[in-house]
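Structure at a glance
Below are the chains, spelled out letter by letter.
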Amino acid sequence: MRVFWFLLLTMVVVVTAVTLAVVGGGGSAVLQDVPPDRFTDPLPATRPVGRADIEALRLPMAPRGYRMADVDEALSRLGAELAERDARIAELESALAGVQAAAVTTGTDLFKQPGDRPAEPDGHANSAGRAEEDGR
């Protein structure tokens, strides 16, 4: 019977010591409060967002998934970047369409490099160029 009481008392002392250590009994806190994860915007502010930036994006977790404010902020930033790119693409496509329309009406060759000789109907550059090629 004495062994039973000794084991019971020992168990109570151990449980109390562990509880005080975890809870932080006394004047010093053993477990410090951890600051909550906050979203630090890893998306670059000085340059356009790239694929590597999206792949590196890690949003902090919350008790029920992700914080809605952080996700909304990241999505709005990506939406703004995509809108800027779409506007730039539309601008470049309209400029290209204008150049192509002007080339069609004037009959100029868009793929001709500066300094190229005009092509003859048979596909050769000119007779002087042909003579040089034949004379080699």
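Residues numbered from 1 in each chain as written. Predicted model: local features only at pLDDT ≥ 70, side-chain atom pairs only at ≥ 80, totals over all residues. Heavy atoms only, no water.

**Topic: the overall build of the chain**
- A tally of regular secondary structure across the chain gives four helices and two strands.
- Long-range contacts, defined here as pairs at least 24 residues apart, represent 39% of the contacts in the chain between residues at least 6 apart.
- About 11,700 Å² of surface is accessible on the chain, with carbon and sulfur atoms providing 63% of the total. (Helix = DSSP H or I, 4+ residues; strand = E, 2+ residues; numbered from the N terminus. Contact = heavy atoms within 4.5 Å. Areas by Shrake-Rupley, 256 points an atom, 1.4 Å probe, with all protein chains shown as cover.)

**Quick word on helix α3 (residues 68-106)**
- Relative to the 57 Å expected for 39 residues at 1.5 Å per residue, α3 spans 56 Å between its end C-alpha atoms, a close match to the ideal helical length.
- All of the buried residues along α3 are Asp70, Ala74, Arg77, Glu81 and Ala103.
- A positive backbone phi angle near 80° is found at Gly107, which sits one or two residues after α3. (Expected span 1.5 Å × (residues − 1). Buried < 20%, exposed > 50% of the residue type's maximum accessible area, 1.4 Å probe, protein only.)

**A closer look at a nonpolar patch on the surface**
- Together, Met1, Phe4, Trp5, Leu8, Met11, Val12 and Val15 line one region of the surface with nonpolar side chains, adding up to about 750 Å² of accessible area.
- Here Val15 lies in helix α1 (residues 2-23).
- Overall, Val15 belongs to the partly exposed group, its relative accessible area being 48%. (Patch = residues over 30% accessible without salt bridge, like charges linked within 9 Å, V, L, I, M, F, W, Y side chains within 5 Å. Salt bridge = Lys/Arg side-chain N within 4 Å of Asp/Glu carboxyl O.)

**Description of the pattern of salt bridges**
- For the coordinates displayed, the defined rule picks out four salt bridges.
- For Arg51, the salt bridge is made with Glu55, and the minimal N-O distance between the two is 2.8 Å. In this pair, Arg51 and Glu55 both sit in helix α2 (residues 51-56), four residues apart, roughly one turn of the helix.
- Assessed through its relative accessible area of 68%, Arg51 is described here as exposed.
- Overall, the relative accessible area of 46% leaves Glu55 in the partly exposed class.
- Close ionic contact of Arg77 with Glu81 constitutes a salt bridge, the shortest N to O distance being 3.4 Å. Taken together, the positions of Arg77 and Glu81, both in helix α3 and four residues apart, correspond to about one turn of that helix.
- Residue Arg77 is classed as buried on the basis of its relative accessible area, which comes to 19%.

**Thoughts on the environment of Gly50**
- Along the chain, the position of Gly50 falls in the loop between α1 and α2.
- Taking the relative accessible area as the measure of exposure, Gly50 reaches 26% and is therefore partly exposed.
- For the pair Gly50 and Leu78, spaced 28 residues apart in sequence, the C-alpha to C-alpha distance is 9.9 Å.

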